Amino acid sequence: NAGVTQTPKFRILKIGQSMTLQCTQDMNHNYMYWYRQDPGMGLKLIYYSVGAGITDKGEVPNGYNVSRSTTEDFPLRLELAAPSQTSVYFCASSSREGAVTEAFFGQGTRLTVV
Amino acid sequence: DQQVKQNSPSLSVQEGRISILNCDYTNSMFDYFLWYKKYPAEGPTFLISISSIKDKNEDGRFTVFLNKSAKHLSLHIVPSQPGDSAVYFCAASEDGNQFYFGTGTSLTVIP
């Protein structure tokens with residue numbers, strides 16, 4: 001029952017460093033999402049994908065890149081880390097089989113940029 | 001320019017009583033609405049949803065009400081239980097893909 005798995009759980013980056021946040025799901029969901037949650041705020045959509053090979057920008061895409069080469073994996077890339085990217089990142093997936101379908105979330109990656 | 005607002009950051013309720021969590025939105029094009037529950041250090045988990053063709057959806061102890069003319073939805077939990085203590089987020093979307101989340105309401109159910 002893995003569901004959505006994110007790695008790492010915690011990371012500290014220095015300004016200007018790069019890293020990839022990994023996300024994999026084993027539910028064969030077509031739809032996958034990356035959100036960030038800043039302290040005291042709601043989740044904001046960074047990027048999403050409706051299937052392998054297709055990605056779209058969300059509300060706050062600047063400073064991030066994604067790729068979707070397989071149904072299972074949806075990594076999020078930070079190229080030049082900035083303090084404003086300090087946040088908790090959540091990956092989610094959904095089957096979208098109905099009009100309003102729930103998304104299943106991973107446990108999150110807490111990223112600090114210093 | 002927060003499109004979805006939860007104006008109560010916190011709420012305390014006695015066990016067995018009703019909890020009412022409120023959510024307002026500004027975009028009249030939103031057609032899909034969800035409530036998520038979040039425990040510390042975990043990802044959100046889905047609770048209940050509603051689409052704009054309905055004004056009420058019920059699932060056990062949880063009921064969501066939608067008032068489209070007022071751009072308002074609410075989540076009712078009755079009876080409230082200590083295990084319901086968590087942060088509750090409402091989310092809204094036009095297309096079912098790009099969801100806008102509120103800032104959350106922290107519910108404490110007092111035994």
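Our subject is the structure that appears above.
Residues numbered from 1 in each chain as written. Chains lettered and ligands numbered in written order. Predicted model: local features only at pLDDT ≥ 70, side-chain atom pairs only at ≥ 80, totals over all residues. Heavy atoms only, no water.

A. How the structure looks around the overall build of chain A. Helix and strand counts for chain A come out as 0 helices and 11 strands. Of the regular secondary structure in chain A, the N- to C-terminal order runs β-β-β-β-β-β-β-β-β-β-β. The C-alpha atoms of chain A give a radius of gyration of 13 Å, which matches the 13 Å a tight globule of 114 residues would have. Here the C-alpha coordinates of chain A stretch approximately 40 × 30 × 25 Å along the principal axes. For chain A, the residues scored as buried account for 46% of the 114 residues in total. For chain A, the accessible surface area stands at approximately 5400 Å², while carbon and sulfur atoms represent 49% of it. Counting 10 positive and 9 negative side-chain charges, chain A places the centres of these two groups 10 Å from one another. (Helix = DSSP H or I, 4+ residues; strand = E, 2+ residues; numbered from the N terminus. Rg over C-alpha atoms; globule rule 2.2 N^0.38 Å. Buried < 20%, exposed > 50% of the residue type's maximum accessible area, 1.4 Å probe, protein only. Areas by Shrake-Rupley, 256 points an atom, 1.4 Å probe, with all protein chains shown as cover. Lys, Arg positive; Asp, Glu negative; His and termini not counted. Charge placed at Lys NZ, Arg CZ, Asp CG, Glu CD.)

B. Quick peek at empty space enclosed by the protein. Counted under the stated rule, the structure contains 1 cavity of 30 Å³ or more. For the largest cavity, the lining is made up of 14 residues, of which Tyr35, Thr101 and Ala103 of chain A together with Tyr36 and Phe99 of chain B are closest to its centre. Elements represented by at least two residues in the lining of the largest cavity include exactly β4 (31–37) of chain A together with β4 (32–38) and β10 (99–101) of chain B. For the lining of the largest cavity, the residue count by class is 9 nonpolar, 4 polar and 1 charged. (1 Å grid on protein atoms, 1.4 Å probe; cavity = no way out; pocket = protein on both sides within 12 Å on 5 of 7 lines; lining within 4 Å. Points joined across faces, edges and corners; volume = space filled by probe spheres on them. Nonpolar A, V, L, I, M, F, W, Y, C, P; charged D, E, K, R; others polar.)

C. Representation of the pairing of strand β3 (residues 19–25) of chain A in the model. Residues and elements named next belong to chain A. Residue alternation in β3 divides its side chains into a buried set, Met19, Leu21, Cys23 and Gln25, and an unburied set, Thr20, Gln22 and Thr24. Here strand β1 (residues 4–7) pairs with β3 via 4 bridges, running antiparallel. Looking at β3, one finds that Thr5 is bridged to Thr24. (Pairing = 2+ DSSP bridges.)

D. A look at the interface of chain B and chain A. Counting residues at the interface gives 24 residues for chain B and 25 residues for chain A. Between chain B and chain A, roughly 1800 Å² of surface is buried when both sides are summed, and carbon and sulfur atoms account for 57% of that area. For chain B, the biggest contributors to the area lost against chain A are Asn97, Gln98 and Phe101 of chain B; these three give 29% of the whole. Counting across the chain B and chain A interface gives 0 salt bridges. Where chain B touches chain A, the interface holds 1 residue pair in polar contact (both at pLDDT 80 or more). (Contact = heavy atoms within 4.5 Å. Buried area = accessible area lost by both parts, 1.4 Å probe. Salt bridge = Lys/Arg side-chain N within 4 Å of Asp/Glu carboxyl O. Polar contact = N/O pair within 3.5 Å; in protein donor to acceptor, adjacent residues only side chain to side chain.)

E. Representation of the pattern of salt bridges within the structure. Residue and element names in this part refer to chain B. As enumerated under the stated definition, the model contains 6 salt bridges over all chains in all. Residue Arg61 pairs with Asp84 through a salt bridge whose shortest N-O separation is 2.8 Å. Within this pair, whereas Arg61 is found in the loop between β6 (56–59) and β7 (62–67), its partner Asp84 is found in the loop between β8 (72–77) and β9 (86–93), the two being separated by 23 residues in sequence. Residue classification places Asp84 among the buried residues on the basis of a relative accessible area of 2%.

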